[in-house]
Amino acid sequence: MILVPEKNGANNARNAESPNGEPSQKRVRRAAGRISWGAGFALAILSLVSVVAISRQSGEQLKDATRAVTRTREVLEKLGEISVRLSEVESAARSFAISGKQSHLNPFYTAAQAVPAEMDELKLLLRDDPSRLQSVTEIGPVIARHLKVMKDMVELGNRNLFRGFGQRGLTDEGNTLMEQIRAAFNPVEKGQRAQLEREQKVVAAKAERVTLISLAGSILAGVVVLACGACALSAMHGRGKAEEKLDRLLGAIPDALVIVNAEGKIVGSNGQTEKLFGYSDRELQGASMALLVPERFRQPLRQYYAAYFSQRGGPIPATTMELCGLHKDGREFPVEVGTKPLAAEKGLVLTSAIRDITGRKQVEQQVSRLNKELALRAVELEAANKELEAFSYSVSHDLRSPLQNIDSFSQILMEDYANRLDSDGRDYVQRLRGSCLHMQDIIEALLALSNMMRHELLVDHFDLSALANAVAADLKQKNPDRLVDWVIAEGLAVEGDAQLLRVVLENLFGNAWKFTANHPRARIEFGALPQSNGARTYFVRDDGAGFDMAHAGNLFKPFKRLHDQSEFRGTGIGLATAQRVIERHRGKIWAEGVVNHGATFCFTLKDGAGAANGENHDPAEPK
C-alpha cells in the first residue's frame, strides 16, 4: 500500500520537469530567430542605403561625363567656325582686291572682327587642356598675321594696286599662313575627335551602370519592403502590440508603403508615404488608392489592383509598374510601384512599395537626348558627305566641256596659224594644251573618286595575289622596255570588294612604277606580314625616289604632291582614292620612305580579313 503513492510521486516529479524544460527550449529558439531576423534586416537596410549612395554617385559621374562630351563638341565646333571665318576673310579680301566691288567688304570685316573673339572663346574652352591650349596660343600670331595680310590686300584693292603691286607676294603669303593654321588646327581637331569618342563611350557605360544600379536598388527595396510587410503581418496575429511594432518597422523602410484591401481602400501606410505624398496616416486610412495618382491614371490603377483580387488558386506573382504620383499640393512626379499579395487575418491584402524615380527619369531623358543628338550629328555628317560628293561630281563633269573647247581651239591655233606665231607663241600654246591635258587627268581622277564612293561594297572571297599579278601585267604591257623585277607573294586570299581593291593596287603599283622610272633596273615587291591579332598587313615596296617622312602627312590628301609636276607627272588623287577604299573596308593605310631609297606603302583590311585564308607571305622570287 505504501509503494503505490511513492511510485505516483516519482511520476509526478518527472511530469513536472517536462513542462518546465520545453518552454525554455522554445524561448531559446525564438530568441535566436529574432536575432537572425534582426541581423538580416539590418544587412538588407545597409545594402539598400549603399545602393542609393552608389546610384547618386553614378548619377553625378554621368552628369560630369555628359558635360565633358558637350565641352569637347563645343571645341570642335569652335575650330570649324574659326576655319570658316578665316576662309571667308581670305575669299572676301581676294574678291574685293580683284573686282573692286564694295559688296565684298562687309563679309570681310564681319569675319575679320569675329576671329579674335572666337579665338578667345576657344582658349577658354581649352583651359583644362594645357597642351592643346598651347598649340592654339602659339598659332595666334600666325592668325593675326594672316588677318594683317588680308587687310593689306584690301588696301591695295582700294588703291587699285592689287594687280600691279604685291599680288603674288600677298597671295602666296596668305596661302602659306593658312597652311600653317591648318597644320596647327589638325592635331587639335584629331585629338578632340578621339577624346569625343572616348567620352561618348564613357557616357554610354555610365548610363548603363546607372540603369543597372537603379534596377538593383528597386529589386532590393522591393524585397526588403515585401519581406518587412510579410513579417509585420505575421507578427500582428501573435502579439497584442503588433500594430505599434508594424508602425516602427514600416517607418524604417526608405520607400513609401501602403496596404490596400480588396475594395481598393488603404488600410495601412508608413511615414515615408506622408513625406512623399503629403497626406497624413489619418487622411489615408480608408481612402481610395486612386487618391495618390492623377485622374488619367486612376482607372488603370483600379484595374491593376482588381486583377490581383480576381485571381483564384496558385501563387500570385509580384509585379512592378511605372506611373505618375500626385502630391497633396497637386504636383505630379514619376513613381515606380511594386506590389505583392499577402494573406492577412481578414483576407487577401496587397502591399505596394512606391518609389520616387524622378532622378532616374532625368538620367534616362538625358541619355536619350544625347543619343538623339549623336544620331542627328551622324545624319548631318552623312548628308554633308553626300552633298560634297555630288558637288565634286558635278564640278568635274561640267568642267569637261570648256576644257575640250580650250584644247580644240589650241590645236586649231597650232595647225592653222602656226606660221603666224613666233617660237614663244607656239611654246605658250603647247603649254596651254599641256595644262588642259593635266586638268583633264585631274577631272577623270575626281570622277573616278566620286564613282568609287558611290559604288556599293560587294564583299567576296578572292585571290589577291592573282589580282596583283594582273595589275603588274597591265603596267608591263604599257611600257615593255622597262626593266623591273616584280616580286609578288602567292596564295594571298582575302575577303573584300575585288573591283575596289584593284583600284588600290593600281594606284600603289602605279606609284611604284612611276617613282622608279629613273632607275635602269627597278624592283617592286608585294607581300603580307602577320599581325599580333592573326590578321595580315599587306605592303607594296619599291626602290625608287622615296620621300621625306616629315611630309608623310600630306601623302593621302587630295592634290598634295611631294614631287614637282615636271619631275613626276600625276593628279594628286590616287593615294587619296586608295585611302577611301581601305577605309570602306574598315582598314588603315600608311607609308614609310627615305629620299632616293624607295618607299613602302602598307595597308590592312577589316579585323581578321584573310586571317583564316592560307599563310602570311613574304615576297616570292622575282618574276
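All values derive from a computational prediction rather than experimental measurement.

Undergrad: Explain the overall build of the protein chain here, please?
TA: Assigned secondary structure in the protein chain consists of 13 helices and twelve strands. Residue burial in the protein chain is summarised as follows: out of 623 residues, 39% are buried. Long-range pairs, those at least 24 residues apart, make up 67% of the contacts in the protein chain between residues at least 6 apart in sequence. As displayed, the protein chain has an accessible area near 35,300 Å², and 54% of this comes from carbon and sulfur atoms.

Undergrad: Sorry if this is basic, but what is going on with the packing of helix H2 (residues 105-125) against helix H3 (residues 130-158) here?
TA: Packed helix pairs are specified by the crossing angle of their axes together with the interaxial distance, meaning the distance between the axes. Contact pair H2 / H3: the axes reach a minimum separation of 11 Å and the direction vectors enclose 165°. Judged on the interaxial angle alone, H3 and H2 are roughly antiparallel. Between H2 and H3 lies a crossing of left-handed hand. Residue-level contacts link Leu105, Phe108, Tyr109, Ala112, Val115, Met119, Leu122 and Lys123 of H2 to Leu133, Val136, Thr137, Ile139, Gly140, Ile143, Leu147, Met150, Lys151 and Val154 of H3. Counted by class, the contact of H2 with H3 contains 14 nonpolar, two polar and two charged residues.

Undergrad: Would you mind going over the side chain of Glu336 with me for this structure?
TA: Checked against the element boundaries, Glu336 lands in strand E4 (residues 332-344). For Glu336, a relative accessible area of 12% translates into the label buried. What Glu336 contacts, discounting residues up to four positions off in sequence, is Ser218, Thr320, Met321, Glu322, Ala353, Ile354, Arg355, Ile357 and Arg360.

Undergrad: How should I be thinking about the sheet that holds strand E7 (residues 484-488) in this particular structure?
TA: Sheet strands line up and pair through hydrogen bonds in the backbone, either parallel or antiparallel. Ordered by their spatial adjacency, five strands build an open sheet running E7-E9-E10-E12-E11, and the pairing between neighbours is mixed. The open sheet has two edge strands with one neighbour each: E7 and strand E11 (589-593). Shown here is a sheet whose adjacent strand axes are inclined to one another by a mean of 15°, direction ignored. Inspection of the sheet shows E11 paired to strand E12 (residues 599-603) by five bridges, in the antiparallel sense. Across the sheet, residue Trp590 finds its bridge partner in E12, namely Cys602.

Undergrad: Quick question: what am I supposed to make of the environment of Arg282 here?
TA: Inspection of the secondary structure assignment puts Arg282 in helix H7 (residues 281-284). Given a relative accessible area of 76%, Arg282 falls into the exposed group. Expressed as a C-alpha distance, the spacing of Arg282 and Ser269, which sit 13 residues apart in the sequence, is 9.6 Å.

Undergrad: In this structure, what is going on with the confidence of the model for the protein chain? I would like to understand it.
TA: Caution applies to low-pLDDT parts of the model: their predicted coordinates are not meant to be read in detail. For the protein chain, per-residue confidence averages 76 on the pLDDT scale, and residues scoring 70 or more make up 74% of the total. Element-level pLDDT for the protein chain is lowest in helix H5 (residues 242-251), with a mean of 58, against a maximum mean of 93 in strand E10 (residues 536-542). The low-confidence segment residues 1-22 (pLDDT under 50) makes zero contacts with residues lying over four places distant or belonging to another chain.

Undergrad: I would appreciate a short explanation of the side chain of Arg360 in the present structure.
TA: Tracing the chain through its elements places Arg360 in helix H9 (residues 358-416). Note on Arg360: relative accessible area 14%, which makes it buried. For Arg360, the side chain forms a polar contact with the side chain of Glu336, separated by 3.2 Å. Among all residues touching Arg360, those that are not within four sequence positions of it are Ser214, Ser218, Glu322 and Glu336.

Undergrad: Would you mind showing me how to read the pattern of salt bridges here?
TA: Where charged atoms from two side chains of opposite charge come close, those side chains can pair. Going through the model one piece at a time under the given rule, you end up with 26 salt bridges. In this structure, the salt-bridge partner of Glu88 is Arg85, at a minimum N-O distance of 3.8 Å. Residue Glu88 and its partner Arg85 are both found in helix H1 (residues 3-99); the two are separated by three residues, about one turn of the helix. Exposure remark for Arg85: the relative accessible area of 26% places this residue in the partly exposed category. Shared partners join several salt bridges into a network, and the residues in it are Glu322, Glu336, Arg360, Lys361 and Glu364.

Undergrad: I keep staring at the packing of aromatic side chains and nothing clicks. Help me out?
TA: We describe a pair of aromatic rings using the distance from one ring centre to the other and the angle between the two ring planes. For the structure on display, the rule yields seven aromatic pairs. When the centroid spacing of 6.2 Å and the interplanar angle of 20° are considered together, the rings of Trp486 and Trp513 count as stacked. Here Trp486 is found in strand E7, whereas its partner Trp513 is found in helix H12 (residues 498-515), with 27 residues between them in sequence. A connected cluster of aromatic rings, assembled from ring pairs, spans Trp486, Phe509, Trp513 and Phe526. The ring of Trp513 has Arg482 sitting right over it, with the charged end atom 4.4 Å from the ring centre.

Undergrad: Would you explain the packing of helix H11 (residues 464-478) against H12 in this entry?
TA: It is the contact of H11 with H12, at a shortest axis distance of 10 Å, that shows an interaxial angle of 45°. Compared by their axis directions, H11 and H12 come out oblique. Relative to H12, H11 is oriented so that their crossing is right-handed. Contact residues: Leu464, Leu467, Ala468, Ala470, Val471, Ala472, Asp474, Leu475 and Lys476 in H11; Ala498, Leu501, Arg502, Leu505, Glu506, Phe509, Gly510 and Trp513 in H12. Here the residues of the contact of H11 with H12 sort into twelve nonpolar, one polar and four charged.

Undergrad: Can you walk me through H2 in this structure?
TA: An α-helical turn contains 3.6 residues, so a residue and the one three or four places further along point in the same direction. Under the 1.5 Å per step criterion, the end-to-end length of H2 is 30 Å for 21 residues, consistent within 8% with the ideal 30 Å. The largest bend in H2 is about 30°, located at Val115, with the proline Pro116 one to four residues further on. Of the positions making up H2, those classed as buried are Leu105, Phe108, Ala111, Ala112, Ala114, Val115, Glu118, Met119, Leu122 and Leu125.

Undergrad: Any chance you could explain the environment of Ala114 here in plain terms?
TA: Tracing the backbone through its elements, the reader meets Ala114 in helix H2. Take Ala114: its relative accessible area is 17%, and that puts it in the buried class. Through-space distance from the C-alpha of Ala114 to that of Glu81 is 9.7 Å; in sequence the pair is 33 residues apart.

Here is what the cut-offs are and how they apply
- Residues numbered from 1 in each chain as written.
- Predicted model: local features only at pLDDT ≥ 70, side-chain atom pairs only at ≥ 80, totals over all residues.
- Heavy atoms only, no water.
- Helix = DSSP H or I, 4+ residues; strand = E, 2+ residues; numbered from the N terminus.
- Buried < 20%, exposed > 50% of the residue type's maximum accessible area, 1.4 Å probe, protein only.
- Contact = heavy atoms within 4.5 Å.
- Areas by Shrake-Rupley, 256 points an atom, 1.4 Å probe, with all protein chains shown as cover.
- Axes fitted to C-alpha atoms, helices over the stretch in contact; angles between N-to-C directions.
- Parallel < 35°, antiparallel > 145°, perpendicular 65-115°, else oblique.
- Left-handed = near helix turned anticlockwise from the far one by under 90°.
- Nonpolar A, V, L, I, M, F, W, Y, C, P; charged D, E, K, R; others polar.
- Pairing = 2+ DSSP bridges.
- pLDDT = per-residue confidence, 0-100.
- Polar contact = N/O pair within 3.5 Å; in protein donor to acceptor, adjacent residues only side chain to side chain.
- Salt bridge = Lys/Arg side-chain N within 4 Å of Asp/Glu carboxyl O.
- Phe/Tyr/Trp six-rings, centres within 6.5 Å; stacked < 30°, edge-to-face > 60°.
- Lys NZ or Arg CZ within 6 Å of the ring centre and 35° of its normal.
- Expected span 1.5 Å × (residues − 1).
- Bend = angle between axes of the 7 residues up to and from the residue.

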